[in-house]
Amino acid sequence: MSSHYLAEPNTEGLSARAAAKERRRVELLRAAARIMANKGFHGTSLEEVGEAVGISGPAVYRHFSGKEEILTELMTGISEHMLSEAQKIVDGLTDPRERLAVLIDFQVDFALSQPELIRLHNRELFRMGEAGRGRVRSVQGSYLKLFAEALAKMDSHYRGEAGRITAQLVVGMINSSEVIRGWASTALARRQMLAAARAAVGLE
């Protein structure tokens, strides 16, 4: 399964110029995510973002109106991508245990492959405007609902608020793996993350 956000854009049918612009836009978003995750929103300049992809700071304005637009697109894009991909992977799965297992696998894959996006979310969500923040929260609620619904169907003890709370805790636990990446191997981290998350909801 794939959980990679900001993958190469689909440029089929676009002119060479339009395709190049789409690719550059994604490159800028990737660069901004890395830099903002490490230095924070205020510590990041458009000059740094542009330099990371080989263009000048002013040239970034050909793609974005400023840092605020970049941050908003990153934050909403992450959430919408996660929801869309999760809906795809559980489509057609009727066994709640199987649905829950693949959702956990999906979240672990994302946490290990793109930890800078988790760090960005944790550090910068409050810097978004009210409308953007509300949009992110709404999409995240729909994402967590997929976990909560599977939990409730698997075990009646998870119905209602219990399922929503458990979903939030499990996803939060998986996302906290960002703090161990400096010393734990990816293979060991993946094994322990999967084991811990599955055990927490009774899948082991």
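Cut-offs used in this document
Residues numbered from 1 in each chain as written. Predicted model: local features only at pLDDT ≥ 70, side-chain atom pairs only at ≥ 80, totals over all residues. Heavy atoms only, no water. Helix = DSSP H or I, 4+ residues; strand = E, 2+ residues; numbered from the N terminus. Rg over C-alpha atoms; globule rule 2.2 N^0.38 Å. Buried < 20%, exposed > 50% of the residue type's maximum accessible area, 1.4 Å probe, protein only. Polar contact = N/O pair within 3.5 Å; in protein donor to acceptor, adjacent residues only side chain to side chain. Expected span 1.5 Å × (residues − 1). Arc of directions from axis to C-beta. Contact = heavy atoms within 4.5 Å.

1. Considerations on the overall build of the protein
Regarding its fold elements, the protein presents eight helices and zero strands. Reading the secondary structure of the protein in the N-to-C direction produces α-α-α-α-α-α-α-α. At 18 Å, the protein has a C-alpha radius of gyration in line with the 17 Å of a compact globule built from 204 residues. C-alpha extents for the protein along the principal axes are approximately 55 × 40 × 35 Å.

2. Some points on the side chain of threonine 166
Tracing the sequence through the fold places threonine 166 in helix α7 (residues 161-175). Take threonine 166: its relative accessible area is 15%, and that puts it in the buried class. Within the local environment of threonine 166, its side chain forms a polar contact with the backbone oxygen of alanine 162, the two atoms lying 2.7 Å apart.

3. Side note on the environment of lysine 153
Tracing the backbone through its elements, the reader meets lysine 153 in helix α6 (residues 130-154). Judged by relative accessible area, lysine 153 falls into the exposed class, the value being 65%.

4. Concerning helix α8 (residues 186-200)
For α8, spanning 15 residues, the distance from its first C-alpha to its last is 21 Å, which sits close to the expected 21 Å at 1.5 Å a residue. If you check which residues of α8 are buried, you get Ala189, Met193, Leu194 and Ala197. Here the buried residues of α8 occupy an arc of 125 degrees about the axis, which is enough to place them on one side. In α8, the exposed residues that point more than 90 degrees away from the buried face are Ala187 and Arg191. Those residues of α8 hidden inside the fold are in contact with α4 (96-113) and α7. Once α8 ends, the next one or two residues include glycine 202, with phi positive near 80 degrees.

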